Amino acid sequence: MQLVLEKRAERSNTIALISPLIAIGLTIVTMVILFAILGKNPLLALHAYFIAPLTDSYSLQEIAVKATPLVMIAIGLSLCYLANAWNIGAEGQFLIGAVAGSWIAVKTQGTDAGVWALPAMLVLAAAAGALYALIPAICKVKFGASEILTSLMLVYVADLFLDYLVRGPWRDPHGFNFPTTAEFDPVATVPLLIEGGRLHLGSIIALLVVAGAAILLGRTIKGFEIRVVGAAPRAARFGGFNSNQLIILTFAVSGALAGLAGIIEVAGPVGHLQPGISPGYGFTAIIVAFLGRLNPLGILIAGLFLALTFIGGEQAQIAMKIPLDVTKVFQGILLFYVLACDSLILYRFKLVFPNRQVARGTH
Amino acid sequence: MRKSLLALAAGLLLAGSVSAASAADKLKVGFIYLGPVGDLGWTYQHELARQALVKELGDKIETTFLENVPEGPDAERSIEQLVRAGNKLIFTTSFGYMDPTLKVAKKYPNVHFEHATGYKRNPNMSTYSAKWYQGRYIQGLIAAKMSKSGVLGYIGSFPIPEVVSGINATILAAQTINPNIKVKIIWANTWFDPGKEADAAKALIDQGADVIMQHTDSPAAMQIASERGKLAFGQDSEMIKFGPKTQLTSILDTWGPYYIARVKAELDGTWKSEDSWGGLDSHMFAMAPYTNMPDDVKKIAEDAQAAITAGKLHPFKCPVVGQDGKPVECKGGANLDDGQILGMNFYVKGIDDKLPGK
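Residues numbered from 1 in each chain as written. Chains lettered and ligands numbered in written order. Predicted model: local features only at pLDDT ≥ 70, side-chain atom pairs only at ≥ 80, totals over all residues.

Residues and elements named next belong to chain B. Along strand E5 (residues 125-130), five of the six residues are buried, which leaves the element largely enclosed by surrounding structure. As defined by bridge partners, strand E4 (residues 112-116) adjoins E5 across four bridges and the pair is classed as parallel. Counterpart to phenylalanine 113 in the pairing with E5 is methionine 125. Inspection of the sheet shows E5 paired to strand E11 (residues 275-278) by four bridges, in the parallel sense. Looking across to E11, one finds that serine 129 is bridged to tryptophan 277. (Buried ≥ 20, exposed ≤ 12 C-beta atoms within 10 Å, placed from the backbone. Helix = DSSP H or I, 4+ residues; strand = E, 2+ residues; numbered from the N terminus. Pairing = 2+ DSSP bridges.)

The following block contains the structure:
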C-alpha cells in the first residue's frame, strides 16, 4: 500500500477555501505540542498569541500599525504577480520612497513649512518608488534582463544610498554622529487617529488601496487584462493585450505603493529617517501577497494575521516568558503548512495498492 | 468531552489569572535587549545583571525582558508593551532606544525609565553609562607593548562619541609606549553581526595588525585572531574561552550593582531621574584578568588601573592634540571635561584616518 499525490483534473475550489483553515488548525496542533514540550501551558500560550492582542484597543491599533506597510506593499506585489511580473525588490522601492519623502521633511526642518509638506512627501515618495521600480521593468522589457535579479539587487543599492544620506549630508547635527536625521517637524508627520495610540492615517490609506485594488481587478478592463496576461499569456496575445506594457504598469504601481508605505512608516511610527526603518517589510509582503492568494481582501486578512503573530508573540514573551525564537518557529510552521495544504488544491492524496494486487489479477 | 475540555480551559485560564494576581504585589521591572540573550557580549551582560538582580531582590520584584528588539519602529511598541504589562521600572539597554524611550516616558509619567548610554532625559527617565575609555586606555598600553608590527586593528561599531573616545584613549595610551604606533580602523556599522565582525578582523589582520580590538559585541573577532595566531581584547564580557591563548583582557560591563541600586531606590520610593556615568572607581565596569602577556606588561596594566581608579591618571590629560596638530581646548582644568568626552567628535593626532562624516 502506498500513499501518493495525484494531480486533480481540475483545481478544487472547496480546498482552495478551506486550505488556510486546515493550515491554521495544523499549526495550532503543532504549537500545542511545542508549548507542552517547553513546559508552558498551551492554552494560556495560545490565548496570549491569538486572543489577548484582540481584546484591547491598544493592541488592535498596534496590529493595524504593523499590518499597514505589509498590506500596502503586498497589494502592489499581487498586481505584479498576477501579471506574471516578478517584482522581488519592494524593499528597495520602500526605502527609496522613504528617502524621497524625507527629502522634503529634512529640507523644510524648522521652517514651519505649512500643511502642504505631508501631502507633497506622500506624492514624491510614491513617484520615486514608481520610478525606482521602473528600472527593472524597463530592463526586462527592453533587454530581457531577469526582473527577479535586477529588482532584488536594487534593494541593496537603495539600502546603501539611505545609509550614505543619514551618515553624511542628512545627519542630525545634534545627534552625536548617530546615523539618523533629526525628528521631523509636526507638519511633516503622519497624523495619529486615536489619542493615546499609534494608529495613524496610513492605515486608512492602506484600506483605500485595498478597495482600489479590488475595484481594479474585479470591475475594470485593465484588471481583466492583468489577470489574463498572467493566467493565459497566449490567449492574452490573441486578445491583443500588450504584456510588456502591463509589466511596466504593474511594476510602476507596486513601486509607488511600496514607496508610499515607506514614507508613511518613516513620517509615522518612526518619526525620522534612519537605517533599519524596515525590518524586511518588502520581503515579508511577498509572503503576505501569497498567503492572501493575490486577492486584495485575502491580502488584508493575511497582513492582519501576520501582524497578529508579531504582536501576540511579543505579548507571549512578556506574559509567559516564551522566547522570541518560538514566535519565529511559529511563523515558519504556519507558512510551511499553508504551502503544504495549498498543494491539495491541485493534487489529492490517493492510496495505491501496486504490484501485489496487479499480480494477483493477472495470474 | 467538549464540555470537559471547555471546563479545563476555563480552569487553566483562571489558574493563570490567580497567579498573576499574587504577582501583582511585586514590583515589575522590565528590560529591552538589543540582541539575543545569548550574544555573549553586550546583551548577555545585561542579562547577567538582571539575573543578579533577581538573585538579590527576587522576593520583592518580578522581571521580564524582551530580546532582539530592533532600534527601529518596533522599539517604541516593545517598550510600551512592557508598560502595559504593568512594569514600573524599565531598562532600555541600547543607545538607539533613546527617542522611543523618551516618547513612551512622556506618555506614562508614572513609570520610571532607565536608558543606557544616551543623553536625553526626562523627570521619569534616567540615563546610565560607563567610562569605558578608562579601560580602553589600559588596553592601549597593553596593545602597544604586545604588538610586534606596531599596527593595531580596531573594529568600530558606529562613529558616536562613546566609540570615538575609546579609539582616542587607546591611541593616547599606546603613544606613551610607542610614539609611532599605527591603528587601522574598520567601521562595521552594526553592534552585533558576527559575520561582519569576523570579516573586519580578517581584513585588519591582512593589513598588518597583530592586536585586534573591537567595539562590537560578538566574540567573532576574538575567534579570528585566535585562528590566525594574533592577540585580541574581548568586549563587554569575558571572551577568554574563545581565545584562551589570544585574549589579553576584556572590558567587562558589570551592570548588576547599578541595577540593584536603582531597583532598591524604586522600592524605597527614592528613585529620581539622574545621569550616572561611572568609571572603574564605581564598578560600572571591570577589567578581566590580564592574560597572555609577560609580567612586566601585566604590571604596567595593573599600575594604570590602580592609578585611574584612584583618580591619579586621566586618559584625556591635557594637552590633547587633535589631528590638525592643534591642542583641543581644555575645559576640565587638567584634563578634558565630561562634556567634551561625551560629545567627542574628533580623532587625536597620530590616527591616520578620517572620522566618518567629518
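Here the focus is the interface of chain B and chain A. Counting residues at the interface gives 30 residues for chain B, matched by 25 residues for chain A. The leading source of residues in the side of chain B that touches chain A is helix H3 (residues 73-84) of chain B, at eight residues. (Contact = placed C-beta atoms within 7 Å.)

All names here are of chain B. Reading across from one edge, E7-E6-E8-E9-E10-E12 is the order of the six strands in this open sheet, with mixed pairing throughout. Two strands lie at the open edges of the sheet, namely strand E7 (182-187) and strand E12 (285-287), each paired on one side alone. Between one strand axis and the next, the sheet turns by 15° as a mean value, whatever way the strands run. Two elements, strand E9 (residues 231-236) and strand E10 (residues 247-253), share four bridges in a ladder whose sense is parallel. Looking across to E10, one finds that alanine 232 is bridged to glutamine 247. Most of the contacts of helix H5 (residues 132-146) go to E10, to which it runs at about 175°, and overall it touches strand E6 (151-156), strand E8 (211-214), E9, E10 and E12. Those strands touched by helix H8 (residues 220-227) are E6, E8, E9 and E10, and its axis lies near 165° from that of E9. (Axes fitted to C-alpha atoms, helices over the stretch in contact; angles between N-to-C directions.)

Here we take up the packing of helix H7 (residues 201-219) of chain A against helix H8 (residues 221-231) of chain A. Residue and element names in this part refer to chain A. Contact geometry for H7 and H8: axes closest at 5 Å, N-to-C directions at 75°. Between H7 and H8, the angle is such that the two are roughly perpendicular. Where H7 approaches H8, its residues Leu216, Leu217, Gly218 and Arg219 are matched on the opposing element by Lys222, Gly223, Ile226 and Arg227. Considering only residue class, the contact of H7 with H8 consists of three nonpolar, two polar and three charged. (Parallel < 35°, antiparallel > 145°, perpendicular 65-115°, else oblique. Nonpolar A, V, L, I, M, F, W, Y, C, P; charged D, E, K, R; others polar.)

Our focus in this paragraph is the environment of A:Asn295. As for its position among the elements, A:Asn295 is in the loop between helix H11 (281-291) and helix H12 (296-320). Distance in space between the C-alpha atoms of A:Asn295 and A:Lys7 is 24 Å, their sequence separation being 288 residues.

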